[in-house]
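Residue-level structural notes
Here is how the chains run, residue by residue.
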Amino acid sequence: MKPTTHKAVTAGLPINRRDFLARSLGTALAVALADAKFITAEPSGVGGIPLHPRDTKLHVKPVMTNIIHSATWQGPCRWTSVTPEAEKANVEKQFATWSKELTTKGLGSADGVRVLEPVHVTFSEKWVLDPAAMAKLAADNPETDAFFIHPGGSARASFEIGNKFGKPIVFDRNSCRTASIAGFTLAKGNEVFVAGRDMDLTKILSLLRARKVFRQTKVLYPTDGVPSFSPDTVWDFDDLRKRLGVTVKTISYREMTDEMNRLLAYREMTGGKNQLLGERYEQATRGADELVRKADKLFLKEHLVFRSMLFDQCIRSLMARHGCNAFTIDCFEFCPSLLPQRWLLTPCLQHALFGNEGIASACEADFGILLAMRMLMSVSNKSCHQGNADPRGEDAFRINHSAPSMKMNGFDKPDLPYQLGRFCEQGWGTKPVIDFMNNDEKTVTVARVDPTATKLLVLKGTLVGSSGWGKDLLGCSVEAVIKPPSGRADEFMRRRLVYGNHLPWVYGDYTKDLKTLAEMLGLSVEVIS
C-alpha cells in the first residue's frame, strides 16, 4: 500500500452525524465552537504542551565561599598570613576567574542546565556569612533548583546556605572538606550531592533535572470515574501530589467528546474560518501524511491514520487547556463508551507520538508504568515500549502491547523503522509496529513503580526476541522478549508480583541512574542486574 498525498488522506474522512456525534451538530457543536473558553491561544512549550519535559531546565546557582580574616596572625589553622586587604584582593581575583570559567564553560556538558549569576559569599573568623551576599542568593532563590558551591574557607558555610534556602548543595569533587560538609548536611536531613569517579558532575545535574521533570508531571486522565481496569495502578492521587509532586487532572468523557467533535466537524460547522481549530486540523493532516509517507508498510487505509491524528490534536488541546504534560486513558473504560467505534481509533498511536517527544503516556490508566516511564525516559533520553508481562520459556518473559515508539534509540536520533497496523478486525485503530531485534543494542532496562508509589523495581536484561513486524495482526501484538540475568528470571517475575503487571523498557543499561534518581525521589529500589 503506497503512501498518498495530502488530499488523498483527508478525502477519506466523511463526516457522518449518526456515526460520530452524540448530539445534534446544529445546536450543541455550534454552541461549543462559539464558546470562548475552548478557543484559547496556543501555550508555550514544545508542540503546545505546557511544561514540556524537553523544555525543562535545572537552574543552578554557583556560589564561592571564602574567608577574609580581620587581622594578620598565624597559628594552627593559619600557617601563612597576609593583610586583610591583600586577602580580600586574592579571593576576589579567585572568584572572578572562577566566574569567568563558569560563563564560558558552563557546568560540564550537562544538557538542560541553566547557570544563574555566580555569587561570592565571604566571612571572617567569626564565621558569620556576609548579609549582602546572602541577600543576592535570596533574590534568585525562587528560581534556584540547586547550589553549586566552591567551598573555600569553611565547611559549615555551605551547609548554612543550603539549609537557609532549603535547596540541595552540589560539589564537583570528593575531598576532605566536601566529606565534612556532606556528613553534617545528611545528618541534618538536608540534601547534598558530591561528584566523583563513579558519578561525575554532569550526571548529578542531569539526574537533578530528571527529578525536577518528574516532580512537575501533570497527567491528563479522561474518565467518568470508572475504576481502572488495572487495579495494580497507583490509586492515591493526593499522596502522589503531596509526596512526589505528581498531579493527576481528571476530565469527563463529555469534555473529551466535545473537543473531538469540534475537530471532526471543523470544516462543516465553521467553513474553515476558526484559526485555532484550523491549525489543529492542518497539523493532524500533515502529521498523518508524514506518518504514512515514512511507514515501511501499512495494514490499514490511510484516512484512518488521519482519524488517530485528529485524536492527537484533541488530546493536545485538552492538555494545553488544563496545563498537563503527561497522559493516560483506560482502554477498558474508553472501549464500552463506543467512542473508539465512532471515531475509528484506539490510543495506541497516541502513546507512541507522545513517547517520541519524551512525554509520559501510559496504557490503561496505569500510573505504575507512567511513573516508571517518566523516570526511564529522563535518564536515557529515549522513548519506551510498554505492555503486559508474561513468562516465556524457562528463562525469559515477554512485554506485549501495541505501544512502542520510534525514538527508542534516542530523542536526537533517527526514527526506528516502523509499520502501521490495525488494532480491530474492522480495519481501524492505528498502531505502530517496530521490529525490536532489528537494532544493534540488545541490553535493555525494565522498570515499574509499585501501587503505593514508594518502591521501584529495576531490571537489567537482554532482548532475545520480538514479534509483530510484517504481519497483519490484531489487538496488542507488538512483543519484546527479554531475558533477565542468568538464573534470575523466576526471581524477577516473583518480585514483579509486588509491583504489578505492566512494564516499560528502554534500550541500554540505566540501572545505576534509575537507582540514584529513585533515591533522590525518596523511593526504595530493588535492582536485579
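Read on for a plain summary of the structure. (Residues numbered from 1 in each chain as written. Predicted model: local features only at pLDDT ≥ 70, side-chain atom pairs only at ≥ 80, totals over all residues. Heavy atoms only, no water.)

**Section: the overall build of the protein chain**
A tally of helices and strands in the protein chain yields 19 helices and 19 strands. Taking all 529 residues of the protein chain together, the buried fraction comes to 57%. Pairs at least 24 apart in sequence give 74% of the contacts found in the protein chain among residues at least 6 apart. With the model as given, the accessible surface of the protein chain reaches about 22,500 Å², and the carbon-plus-sulfur share is 51%. (Helix = DSSP H or I, 4+ residues; strand = E, 2+ residues; numbered from the N terminus. Buried < 20%, exposed > 50% of the residue type's maximum accessible area, 1.4 Å probe, protein only. Contact = heavy atoms within 4.5 Å. Areas by Shrake-Rupley, 256 points an atom, 1.4 Å probe, with all protein chains shown as cover.)

**Some words on the pairing of strand E4 (residues 146-151)**
The side chains of a regular strand alternate between both faces of the sheet. E4 sits mainly inside the fold: 5 of its 6 residues count as buried. The pairing of strand E1 (residues 58-67) with E4 spans 6 bridges and is parallel. Looking at E4, one finds that Thr-65 is bridged to Pro-151. Alignment of E4 against strand E5 (residues 169-171), held across 2 bridges, turns out to be parallel. Bridge pairing in E5 places Phe-148 opposite Val-170. Following the backbone out of E4, through helix H6 (residues 156-165) and into the adjacent parallel E5, one traces a crossover that is right-handed. (Pairing = 2+ DSSP bridges. Right-handed = clockwise from strand over helix to strand, strands pointing away.)

**Points about the packing of H6 against helix H7 (residues 176-187)**
Running from N to C, H6 and H7 cross one another at 40°; their axes reach a closest spacing of 9 Å. For the pair H6 and H7, the crossing hand works out as right-handed. Contacts between H6 and H7 pair Arg-156, Ser-158 and Phe-159 from the former with Ile-181, Phe-184 and Thr-185 from the latter. Along the lines of polarity and charge, the residues of the contact of H6 with H7 split into 3 nonpolar, 2 polar and 1 charged. (Axes fitted to C-alpha atoms, helices over the stretch in contact; angles between N-to-C directions. Left-handed = near helix turned anticlockwise from the far one by under 90°. Nonpolar A, V, L, I, M, F, W, Y, C, P; charged D, E, K, R; others polar.)

**Regarding the pairing of strand E17 (residues 479-483)**
Taken across its 5 residues, E17 has 4 buried, putting it largely inside the fold. Pairing of strand E12 (residues 396-400) with E17 involves 4 bridges; the strand directions are antiparallel. Bridged to Asn-400 within E17 is Glu-479. Pairing analysis gives 5 bridges linking strand E16 (residues 455-467) to E17, with the strands arranged antiparallel. Across the sheet, the residue bridging to Leu-463 is Ile-482, located in E17.

**Some details on H7**
With 12 residues, H7 extends 17 Å between its outermost C-alpha atoms, agreeing within 8% with the 16 Å of an ideal straight helix rising 1.5 Å per residue. Taken together, the buried positions of H7 are Thr-178, Ile-181, Ala-182 and Thr-185. Down the axis of H7, the buried set is contained in an arc of 100°. They therefore lie on one face. Every exposed residue of H7 that faces more than 90 degrees away from the buried side is listed here: Cys-176 and Ala-187. If you follow the buried residues of H7, they end up packed against E4, H6, E5 and strand E6 (192-194). Positive phi shows up at Gly-189, right after H7, with a value of about 85°. (Expected span 1.5 Å × (residues − 1). Arc of directions from axis to C-beta.)

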